[in-house]
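The chain contents come next:
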Amino acid sequence: MSEELSLAATSWGHLASFNAMASRCEVLIRTADRAQAYIMANQVLLETRRIEQKYSRFNNSSSLSRRNATAGDWQTIDAETSALLGFSKQCFDLSDGMFDITAGPILTLWTFGPDANVPTSASIGRALKYVGFDKLSIEASRLHLPRGMSLDFGGIAKEYACDRAASLLTLDYPHIPALVNLGGDIACASIADRPWQVGIEDPSELDNATRTISLTGGGLATSGHTRRYLLDEGKRYGHILNLNTGYPVERAPLSVTVMAANCLVAGMLSTIAMLKGANAQAFMASQDVDFHICR
C-alpha cells in the first residue's frame, strides 16, 4: 500500500485518506472489498495529484508556474486548460469581474497567519495594474498572458479535481457509491443508495457541525474565512479579496455552503457569494440551488 494513502474498514465500507492541495482529503467507499476500495481511492489520489502538479502556483515546477514565468509570449494550451479558462470567464462574468483567475499579483502580497502583515497601499495599487481577465487573449489552442500578469487557479482547481475524481469512479465503478472530499469540497461518485450525511462546520465552534446535509448526488462546496485570516491592530482580515480595492471583502458572511449539480459550480457560487459581501444572501437567493449561510 502507498505510504501516502491510508485505508480503514468501517461499518459501511472503507474510508481512505491522504494529503493533497494543502488539504486533508478523504474518499468514502461503500464496498466491503478492501482491495477494490484501495484501487478506487488510489485513483482519486493520482488524479488529484495530477491536477495539483499541473495547476498549483505554489509548486515552482508546475505547468502553471512555468506558464506564469513566461508571461508576455503566446503560449500553447491543451484542451483541459482551454476548458478551465472558459469556465474562469464564466466566473468572471457572473461575478462582475470579482472572481478573477488573474489575481496572482495581488494574492502574492497577502499572507495569512499569526505573523502576517497587511500590504502597503502602494504595493496593492501596483499589483492591481496587472490584474484583469479581460486583458488576456484566448484562442482555441493558445493563450497570451501579458507580461507582469500571472494566473491562479486556486479558486477552482480543488473543486475541479474533486469532480474529475468522482467522474472517474462513476465511469469505472458505476454501482459502488463513493464520496470524494478534498478539504471540504465534495462530489458524489455514482448515485448513493443511502444518502451521505455531510456536516457544515460551525464558524463559532470549528470542527463541529452546525447543520447536516443529505447528499445522494452532485457536489457541495463551502467558501469562507473562518480559518484563513490575519489580525492587524485589532482588525480581522479574511483571505477572500475584493479585486476592486485589493483588500479583503468587507461585511462578508463567515461562510457560504452551496449544493449544486457538481462541485465546480458549487464552488463558483459560494465564492461569488462571499465576494458579494453584505449582498451574499440576495445573490444566492437568485440562484437555483440549495445553500446555507453562516454569519
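Everything below is about the structure printed above this text.
Chains are numbered independently. Their residues run from 1 in the order of the written sequence. Thresholds applied to this predicted model are a pLDDT of at least 70 for local features of residues and 80 or more for the giving and counting of side-chain atom pairs; totals over whole chains, interfaces and linings are not thresholded and use all residues. Side-chain measures here rest on the full set of heavy atoms in the structure, leaving out hydrogens and waters.

Some remarks on the overall build of the chain
- Helix numbers and strand numbers start at the N terminus; a helix is a DSSP run of H or I with at least 4 residues, a strand a run of E with at least 2. If you tally the helices and strands in the chain, you get eight helices and 17 strands.
- Its C-alpha atoms give the chain principal-axis dimensions of about 60 × 45 × 40 Å.
- Counting only residues that meet the buried cut, the chain has 51% of its 295 residues in that class.
- Here a residue-residue contact requires only that any non-hydrogen atoms of the pair lie within 4.5 Å. Look at the contacts in the chain between residues 6 or more apart in sequence, and 62% of them connect residues 24 or more apart.
- Exposure was quantified through the Shrake-Rupley algorithm and a 1.4 Å probe, taking into account, for residues, occlusion by the shown protein chains and nothing else. Carbon and sulfur atoms make up 49% of the accessible area of the chain, which amounts to about 13,900 Å² in all.
- Counted as positive: Lys and Arg. Counted as negative: Asp and Glu, with His and the chain ends omitted from the count. Each charge is placed at NZ for Lys, CZ for Arg, CG for Asp and CD for Glu. If the 26 positive side-chain charges of the chain are averaged to one point and the 30 negative ones to another, these points end up 4 Å apart. Accessible area is worked out with a 1.4 Å probe on protein chains only. A residue is then buried under 20% of its type maximum, exposed over 50%, and partly exposed in between.

Things to note about the sheet that holds strand S1 (residues 6-9)
- Only when DSSP finds a minimum of two bridges between them are two strands counted as paired. An order of S1-S2-S3-S7-S8-S11-S16-S17 is seen for the eight strands of this open sheet, with the pairing classed as antiparallel. Each edge of the open sheet is held by one strand with a lone partner, namely S1 and strand S17 (290-294). Across the sheet, the mean angle from the axis of one strand to that of its neighbour is 10°, orientation sign disregarded.
- Taken together, the five bridges between strand S7 (residues 178-182) and strand S8 (residues 185-189) define a ladder with antiparallel strand orientation. The residue of S8 that forms the bridge with Ala178 is Ala189.
- Interaxial angles span 0 to 180 degrees and are taken between N-to-C directions of axes, which are lines fitted to C-alpha atoms, for helices over the stretch in contact. Sheet contacts for helix H1 (residues 34-55): S1, strand S2 (14-20), strand S3 (23-29) and S7; angle to S2, the most-contacted strand, approximately 20°.
- Its contacts with the sheet place helix H6 (residues 157-172) against S3, S7 and S8, and it is angled at close to 15° to S8.

Remarks on the environment of Asn59
- Here Asn59 lies in the loop between H1 and helix H2 (63-69).
- Apart from the residues lying within four places of it in its own chain, the contact partners of Asn59 are Gln53 and Ser65.
- A polar contact is formed between the side chain of Asn59 and the side chain of Ser61, at a distance of 2.7 Å. By the criterion applied in these results, polar contacts are pairs of N or O atoms within 3.5 Å in which, for protein atoms, one can donate a hydrogen and the other can accept it, and in which residues neighboring in sequence qualify only through two side-chain atoms.

Quick look at the sheet that holds strand S6 (residues 142-144)
- Judged by pairing direction, the sheet is antiparallel, and its three strands sit side by side in the order S4-S6-S5 without closing on themselves. Of all the strands in the sheet, the pair left with one neighbour each is strand S4 (74-76) and strand S5 (137-138).
- In terms of strand pairing, S5 meets S6 through two bridges, oriented antiparallel. Opposite Ile138, over in S6, you have Leu143 as the bridge partner.

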